[in-house]
Structures are given as structure tokens and as C-alpha cells.
Amino acid sequence: MEELTNLQINKPEISFAGFSKWYEENKSDLLKEANKWKKQNEKLTSEFLREWPLERLRTLKLDEYVIGKGSQNKSFCHEIENGKYAKMYLGIGGGNAGKFGIYWSKKAQTYYDQNNRAIPADELDEKFTLLKKDLFLIIKKGINSEFSDDVFNSSIRTNSFFNRSALVTKLLCAYSKKEIFSGINMNKGKDLKELWDKLIKLNTNGWVYKQNFDITAAISNKYPELDGSLLSMILWQYRNAVLPAEETNKSKLSADKDEKESMVTYKNEYSTVILNEKNVIFHGAPGTGKTYLANQIAADIVSEGRTTNVAKLTSEQKQRIGFVQFHPSYDYTDFVEGLRPATSDDGVVNFYLKSGSFMSFVEKAKAAKLVNGQDNFEEAWQKFFSEVTDQGITGTGYNELKTLTGKPIKNLVSYDRNGMQGVYPDKTTMYWNHDQIYRVYCGLPGVPKGGLDSYRKAVVSHLKAEFGLKPYKPAVVSESNEKKYVFIIDEINRGEISKIFGELFFSIDPEYRDNKEGVFTQYANLHKNTEEKFYIPGNVYIIGTMNDIDRSVDTFDFAMRRRFTFIEITAEESDENMNLNADVKEQMKRLNEAIIKEGRLTTDYQIGASYFKNLVTPEITKEDAPLWNNKLYPLLKDYFRGEREAKSKLDKISKSYFSKNEED
């Protein structure tokens, strides 16, 4: 949660009266920030309840629950601690995975209990059944305010989740039909004794859960505009205002484990989801601004929350955003790497290996993390190449180069074919190009079989002696360099995914980021270092976009689906993202309601705000409606193509589009 900087300077009193005075003095600023946070939180909570309804907790399978099996598993525990719902109400990051009762130990490849001990296989089912029962029971009793039940008795503590106050409070907030709890873990550090106990005293029956309920109810009764959701933000601000700075700094309502990351406040609510999940696909109806949103998020991430406008990024930050649009002809050679035609050294058309859009982007991201290397080859080569070129113009050629045994190499001249520079002794067929000599400089064979490498080594030796070439020292990866790179794949479902990604299915998996073992690409034998494997570093994030009604959606590879988090952008949400005029927004709403009611289609076929963003006022008549005539009507006509009732449906939808509701 963001900290408010314009609140009163004097430290408030720690009491109910002190809170009231502080709130009334700062009411406007507090409500403004709290409502902004509430809007984002409500959306997360709504999505959470659709995906994880309370009754589902009773039938969960073990791997649907446990953390430890990786982000692609999208388990309940992963999603609420580190995944999509990490920032819903309050963060529960940190501590030991044992707080969930059962977790998967990747190292030991077995299930562990809350005491970090392996659970025998014959006891696992029974333990998980009891765990689910306890979790469901404490939530059910809590949202029904049954604090006199033994579940909430702090003297006996029969429920295994009783002591896990952050986790339980988060779930009580999410599952309560009314906002009767605040997203505050009142049992955190010294907060209980030094703050919350001075507002309302802790009771044995109900413990911090009833205390949270009572504080929320007391404040809401006095200030009806405040509910538990708004108080989640406001009580947190009050806590930070009254407690010593050193105590405040010890905890943040954040699921981010990285201390630096937790200090960054991103402007877009989805930015932290992408940072957690690595790979996200935005999907929805046509025109919902998915590509626009992807660019906003990319700008937000690379600027570390400074702006969501790509145009306001620095030139260096813009270089850290990649963009490509898939289409049916797009393939592996475009995306990863492939052979491209070029004229060879001796004038014959040949093929050379060229990195595709994604591999080039990934290599750039890797280079940003490399430090402590030494490589000034380009500088030395350009000096040498210019000298050879100049001497060749005079007709005598360059005559300073010698073999490793000291024999002169006469009449050396230069060439530049299709961007590949090189040198050769005039009237011979011995060609030594830039890339071959560079590989020798790096300690690798100039060509696969090492042919003529003695001459290339002679060139390297000459560059060191005459042109200031320094000994090659490979760079190492710096873990402290956290510059982020975002690659956007527009219309990701329009390409044939398996053919485009190939073996990158492994590398793209969030669990295998930064895995130096990597994979050999299809053209690995043509690389400068044939033993080098390809991997995707942890500072690369991928955003895809796709239309739900596109005919190619059904072909999206299920293996790839597992590696992405899918987030729907609805037509209704898009009008908020694009700040439509209120009257235009109403016209768009009427159209989309008619598509469902009169057209008998699903929300996948609704039309997003991108179509309406240039409308200043609603369209009134068909005669003066370029948007309707040129874009909306042709699209709708395509929806109903071949249907017997097509004309009738279109007429009814048209009537709704141009006519306000009767009550208006």
C-alpha cells in the first residue's frame, strides 16, 4: 500500500478518540487514496471468488492446495502468497512455507508438514483431509461472526489454522459477504500490545479475529462511509502514523519478498501480477484495449512505476521493451533463429545464422546483467579495418601483418559484403571475416573445423600489438542488476505456437528462468560456441494478447497454456481504462447489452472501448454515424453471417445503439 505524504505532521494519539481526530483532520486525503485502493482490491477479490469459491476448499486436491510446486501450478497457496492474489487485502509473504500446514519440498521431492518434517505417504491423505476441514471451519465460523465457538478460543486452540492470523484474516476479508473485517493482521510484531489493544481490548474468545471485527464495526458505526475494505488502507496508514519508524519499516502490506521491489509502487494493478507470474496473456472481446494495456504495463515496469506512457520513457528504457505480432506465416526462424541468405566471401550466395526477434531481445537482457568482463574487440577491429581499407585504396594493400612464425602476409585488402566485414590477401581465396576472428579472440574455433585459424590467430596477435586489443575476459552475471525487460506478443494465438517456440517451451517456464543448463536450439551447431545452451534470464517478462472470438483460439497449445497466467479484460473494464465520455460509455453499454440480449451471444462477442475512444459525443442517427457504419455494423454483420435471423438481430441491436433506455 502507498504511504500518504500529506497527512498531519504531529503524531496522533493511540486511542479510539485519537484515531477519530486523526481521521477527521485527514479525511479527504485518506478517502481519496483508500477508494483508489479499494477499486483495485474489489476487482482482485471478485476474480478470486470466481476462481476459489469457499465450497471449493472442501474438495481441493493436494496439489491444488500446496505451495512449492512452482508458479505454473497456480495452487491456492501460491496464488494468495506470491501469485495473482498476493496483494488482495494484505500480503502474507515471508516466513516459512510450513505456515500453510502442508507444502511441497522441491529439494526433498516430498510433502512436509508445518514443522518442516517429511510426511509419511500413508499419513498424507488423512493429514490433508483434516487440514481442509480446519481451514473451511475457521473461515465459515468467522464470516458468520461465531466467535464464541471453540474454533476461536485462544485457551484451547483446537484449529490448526488458529495461529496463522495473516492467512486467516486475508481469507475472512475475501469470503465475507459484507466488509466486516479489515485487511490488517493485528497479531503482527508489537502491533497488538502497542496499538490495537489500546483501541479495543483483546478477548480470549475470538482473539485477534474478533478484535479486528470489533474495531472495524466500531469505526464503521461512527463513520458510516467507512467499511472494512476502506479501513484496510486507512488503519494501515494510522498504524504507520502512530508507531515508531523502526517498527513501521519492519513490515509492509506486500507479497513481494524482494526488499527493493517492495519499495516500488507501480501505477498499474497488473504490473505486480506480471512480475510474480513472469508470463501473462490478456484475453477478451475485440477492442478491449489489450495491446494498449500491455504497453502501459511494460512502461510501468521498465520505469519502476514512474510512468505508464511509453512516450515518456527514456531511450534506454524504450530499448527494454520488445514487441512482435504473431500471424499464420510467423515461425521459429522469425522468433528464435534461422538461416538467412547472403553473399559469401567469395561472391557465392550462401546462408548465415541470424537471431530472431525474441532471441535478440533475450540476449540484450542477458548482456545487461553481465559485469567485470573485458572485451574491446570492436574498437580495435575498426581501427585495423580502416587502416587495411585505406592501404587498399592506394593499390599497395596492407603489409604489416605477419604469421605466427614471423612470415609477412602481403597485400592484405578489406571487404564488406552484406554487413560482414573481413580481410584477405589480394588474389587469394583465404578470407578471414570479423566473426571468425572474434571467435578466435574469445578462445573458440574460428570455424567449426578450425581451418586457417593460425592466420586468424595472427590477426588477433597483430591487433593486440598494434591496435590496443586487450586480453579477452568473459563477463559474469551480476545478481544485483535488476533492470527489467518486457516482451509483448500481440495476437499470440494467431501463430502456430509449437512451431514458433519449438524447444523454448522448457525455457519459457517460470520455474526454469535463469537455468543456465538451458536447451540446445535447433541451430546450436552453428553458434560461435557450439556448447552454449539457450536460457531465458529472470529479468525477462512476457505479455501476450489474444481475442477470445478469434477463430484460431482453439489451436492454442495446451502445453503453452500451462506456462501462462490468463487474465480477462472485459468490455466494461475497457471503458474505465480508456476514460470514455459518460454518454459515449452509456451508448457502448447499450450496444453490448443488446449483443447478449438481442443477438443471443456471449460476453466474448461484446465490443470494447478501443472502438469508441475517438468519439466525443454519442452517435445519434445512422446518417451521421461513421463508427457504426464503417466499423461496428460490418463487425456485427460478420458475427451473424449465415444466420436466418441475422437481419432481425442487426435491426434490434441498431435500435438499441441509437436509442436511449426508456427510463432515460
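Counting starts from 1 at the beginning of each chain's written sequence and moves along it residue by residue. Totals for whole chains, interfaces and linings use all residues, but because this is a predicted model, local features are given only for residues with pLDDT of at least 70 and pairs of side-chain atoms are given and counted only at 80 or more. Hydrogens and water molecules were not included; the side-chain quantities draw on all heavy atoms of the structure.

1. Some details on a negative patch on the surface
So, step 1. Judged by side-chain charge, Glu387, Asp390, Glu400 and Glu466 come together as a negatively charged surface patch.
So, step 2. You can see Glu387 is positioned in helix H17 (residues 377-393).
So, step 3. Burial here depends on accessible area, computed with a 1.4 Å probe over protein chains only, as a share of the maximum for the residue type. Under 20% is buried, over 50% is exposed, and the range in between is partly exposed. Among the residues examined, Glu387 registers a relative accessible area of 30% and is labelled partly exposed. Only residues whose relative accessible area exceeds 30% and that take part in no salt bridge are eligible for patches, with like-charged residues grouped when within 9 Å of each other and nonpolar side chains (Val, Leu, Ile, Met, Phe, Trp, Tyr) grouped when within 5 Å. Only the protein chains shown count as cover for residues, and the accessible areas themselves come from Shrake-Rupley with a 1.4 Å probe. Only one rule defines a salt bridge in this text: a Lys or Arg side-chain nitrogen within 4 Å of an Asp or Glu carboxyl oxygen. Note that His is not counted, nor are the chain ends; the positive residues are Lys and Arg, and the negative ones are Asp and Glu. The atom standing in for a charge is NZ when the residue is Lys, CZ when it is Arg, CG when it is Asp and CD when it is Glu. A run of DSSP states H or I qualifies as a helix once it reaches four residues; a run of E qualifies as a strand once it reaches two. Both are numbered from the N-terminal end.

2. Describing the layout of surface pockets
So, step 1. Approximately 1,300 Å³ is the volume found for the second largest pocket.
So, step 2. Definitions used for this entry: grid spacing 1 Å over protein atoms alone; cavity, a set of points where a 1.4 Å probe fits but cannot get out; pocket, an open set with protein on both sides within 12 Å along at least 5 of 7 lines; lining residue, one with an atom within 4 Å of a point. Lys43, Glu572, Glu573, Glu576 and Asn577 are the residues nearest the centre of the second largest pocket, which is lined by 42 residues in total.
So, step 3. Elements supplying a minimum of two residues to the lining of the second largest pocket: helix H2 (27-51), helix H13 (290-302), strand E14 (565-569), helix H23 (571-577) and helix H24 (582-597).
So, step 4. By residue number, the principal contributor to the lining of the second largest pocket is H2, which donates 9 residues.
So, step 5. For this scheme, ten residues count as nonpolar: Ala, Val, Leu, Ile, Met, Phe, Trp, Tyr, Cys and Pro. Four count as charged, namely Asp, Glu, Lys and Arg, and the remainder, Gly too, count as polar. Grouping the amino acids of the lining of the second largest pocket by side-chain chemistry returns 10 nonpolar, 12 polar and 20 charged. Grid points are joined across faces, edges and corners, and a volume is the space filled by probe spheres set on the points.

3. A look at the sheet that holds strand E9 (residues 420-425)
The strands making up a sheet associate through hydrogen bonds between their backbones, and the pairing can be parallel or antiparallel.
So, step 1. Overall, antiparallel pairing links the 3 strands, which are arranged E8-E9-E10 in an open sheet. Only two strands of the sheet have a single neighbouring strand rather than two, namely strand E8 (412-417) and strand E10 (432-433).
So, step 2. Where E8 and E9 come together, 6 bridges link them in antiparallel fashion. The residue bridging Tyr415 from the neighbouring strand is Gly422, located in E9. For two strands to be treated as a pair, DSSP must find at least two bridges joining them.

4. Remarks on the sheet that holds strand E12 (residues 485-490)
So, step 1. Spatially, 5 strands are ordered E4-E12-E13-E3-E14 in an open sheet, and the strand pairing comes out parallel. Strands at the two margins of the open sheet, each flanked by one partner only, are strand E4 (321-325) and E14. Each strand of the sheet is rotated relative to its neighbour by a mean of 20°, with strand direction disregarded.
So, step 2. With 6 bridges connecting them, strand E3 (residues 279-284) and strand E13 (residues 540-547) associate as parallel partners. Axes, fitted as lines to C-alpha atoms, cover a helix only where it is in contact. Angles between the N-to-C directions of the axes lie from 0 to 180 degrees.

5. Structural notes on the confidence of the model for the protein
So, step 1. The pLDDT value tells you how sure the predictor is about a given residue, anywhere from 0 up to 100. On average, residues of the protein score 85 in pLDDT, and 89% of them are at 70 or above.
So, step 2. In what follows, a contact means two residues having at least one pair of non-hydrogen atoms within 4.5 Å. Segment residues 1-9 is flagged for pLDDT under 50; beyond a separation of four residues in sequence, or across chains, it makes 27 contacts in the model.
So, step 3. In this model, residues 246-263 is a region of pLDDT below 50 whose contacts with residues beyond four sequence positions or in other chains number 36 contacts.

6. Observations concerning the environment of Ala380
So, step 1. Considering the arrangement of structural elements, one finds Ala380 in helix H17.
So, step 2. The buried category is assigned to Ala380, whose relative accessible area is 0%.
So, step 3. The sequence separation of Ala380 and Lys464 amounts to 84 residues, and the corresponding C-alpha distance is 8.2 Å.
So, step 4. If near-sequence neighbours (up to four positions away) are discounted, Ala380 is found in contact with Leu463, Phe467 and Leu469.

7. Concerning the pattern of salt bridges
So, step 1. Tallying each qualifying case throughout the model produces 26 salt bridges.
So, step 2. Its salt-bridge partner being Glu55, residue Arg58 comes within 3.5 Å of it at the nearest N-O pair.
So, step 3. Given the relative accessible area of 45%, Glu55 is considered partly exposed.
So, step 4. Of the charged contacts, one joins Arg641 and Asp638 as a salt bridge, the two residues approaching to 3.2 Å between their closest N and O atoms.

8. As for the packing of aromatic side chains
So, step 1. Put simply, two rings from Phe, Tyr or Trp (the six-membered ring, in Trp's case) pair if the centres are within 6.5 Å, and we call them stacked under 30 degrees between planes, edge-to-face over 60, tilted for the rest. Tallying each qualifying case throughout the model produces 55 aromatic pairs.
So, step 2. When the centroid spacing of 6.1 Å and the interplanar angle of 45° are considered together, the rings of Tyr438 and Tyr441 count as tilted. A residue pair is termed a helical-turn pair when its members lie 3 or 4 positions apart in one helix, as Tyr438 and Tyr441 do in helix H18 (residues 434-441) at 3 residues.
So, step 3. Seen in terms of ring centroids, Tyr605 and Tyr639 are 5.1 Å apart; in terms of plane orientation they differ by 90°. Their pairing is edge-to-face. Of this pair, Tyr605 sits in the loop between H24 and helix H25 (626-639) while Tyr639 sits in helix H25, placing them 34 residues apart in sequence.
So, step 4. For Tyr605, a relative accessible area of 28% puts it in the partly exposed group.
So, step 5. For Tyr639, a relative accessible area of 13% puts it in the buried group.
So, step 6. Put simply, the rings of Phe326, Tyr330, Phe335, Phe358, Phe361, Tyr485, Phe487, Phe501 and Phe505 pair up and form one aromatic cluster.
So, step 7. In this scheme, Lys NZ or Arg CZ marks a charge over a ring once it lies within 6 Å of the ring centre and within 35 degrees of the ring normal. In this structure, Arg157 packs its charged tip against the face of Trp207, placed 4.8 Å from the ring centre.

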